[in-house]
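What follows is the residue order along each chain.
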Amino acid sequence: MTRILFVCLGNICRSPTLEAVARGEFARAGLEVEVDSAGTAGYHVGQPPDPRAIAAGAAQGYDLSTLRARQIEIADFMRFDHILAADRANLRDLQALRAGRGSVPALFLGDAEVPDPYYGQRRDFDRVVELAREGVARLVARLRGHA
Ligand code: 4NP
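Residues numbered from 1 in each chain as written. Predicted model: local features only at pLDDT ≥ 70, side-chain atom pairs only at ≥ 80, totals over all residues. Heavy atoms only, no water.

Topic: the site of the ligand
Link 1 in the chain: In the vicinity of the ligand, the contacting residues are Cys 8, Leu 9, Gly 10, Asn 11, Ile 12, Cys 13, Arg 14, Tyr 43, His 44, Asp 116, Tyr 118 and Tyr 119.
Link 2 in the chain: Asn 11 is positioned such that a nitrogen or oxygen atom in its backbone is 3.3 Å from an oxygen atom of the ligand.
Link 3 in the chain: Measuring from an oxygen atom of the ligand, one finds a side-chain N or O atom of Asp 116 at 3.4 Å.
Link 4 in the chain: Protein coverage of the free-state accessible area of the ligand, which is 360 Å², stands at 92%.
Link 5 in the chain: Its residues assigned to classes, the shell around the ligand comprises seven nonpolar, three polar and two charged. (Near = heavy atom within 4 Å. Polar contact = N/O pair within 3.5 Å; in protein donor to acceptor, adjacent residues only side chain to side chain. Areas by Shrake-Rupley, 256 points an atom, 1.4 Å probe, with all protein chains shown as cover. Nonpolar A, V, L, I, M, F, W, Y, C, P; charged D, E, K, R; others polar.)

Structure (structure tokens):
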């Protein structure tokens, strides 16, 4: 089974949104993919997602409420086939952490970032859900191509 890890800074806004959208859309597509998310930082370990992220996800049919933040660990590079970063700072942190072994991290959107909504407004969280849906649709197409 393919295993995908989504990574942002705090694991309370963007990567839980990516995880929930991926879980929903992969199930809808009939794809068996294991998904998880983590943060490069440990500030929010054990906490549920930001209430604004939970609300924005719920508004488009994705349940984030049961997720809890964790920090990425070195073993994740061996456990997951794909490690997908929300933005370029996350990608740089992952590249520094990887230490030459395991999966090579990449940007979730390929050539664009999922902007950090933490200091923004609810509409910024809605935008994260939209970008999550776009990126996950591309992942579904890729995974189908490899099926
Ligand atoms: P995330 O958003 O990386 O999308 O989960 C953030 C969450 C927390 C902080 C920054 C961004 N923070 O500074 O605590």
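We are not done yet, so read on.
A short note on the confidence of the model for the protein chain
Link 1 in the chain: Scored by pLDDT, the protein chain comes out at a mean of 97, with 99% of its residues at no less than 70.
Link 2 in the chain: Per-element averaging of pLDDT across the protein chain places helix α5 (residues 122-145) at the bottom with 97 and helix α1 (residues 14-28) at the top with 99. (pLDDT = per-residue confidence, 0-100. Helix = DSSP H or I, 4+ residues; strand = E, 2+ residues; numbered from the N terminus.)

Quick notes on the environment of Ala 38
Link 1 in the chain: The residue Ala 38 is located in strand β2 (residues 33-39) in this model.
Link 2 in the chain: When its relative accessible area of 0% is taken as the criterion, Ala 38 is described as buried.
Link 3 in the chain: When sequence neighbours within four positions are dropped, the list of residues in contact with Ala 38 reads Leu 5, Phe 6, Val 7, Cys 8, Asn 11, Ser 15, Arg 70, Gln 71 and Ile 72. (Buried < 20%, exposed > 50% of the residue type's maximum accessible area, 1.4 Å probe, protein only. Contact = heavy atoms within 4.5 Å.)

A few points about α5
Link 1 in the chain: Taking 1.5 Å per residue as the helical rise, α5 with its 24 residues ought to reach 34 Å, and the 35 Å between its terminal C-alpha atoms agrees with that figure.
Link 2 in the chain: Of the residues making up α5, those classed as buried are Phe 125, Val 128, Val 129, Leu 131, Ala 132, Gly 135, Val 136, Leu 139, Val 140 and Leu 143.
Link 3 in the chain: Structurally, α5 contributes buried residues whose contacts are with β1 (2-8), α1, β2, α2 (51-59) and β3 (82-85). (Expected span 1.5 Å × (residues − 1).)

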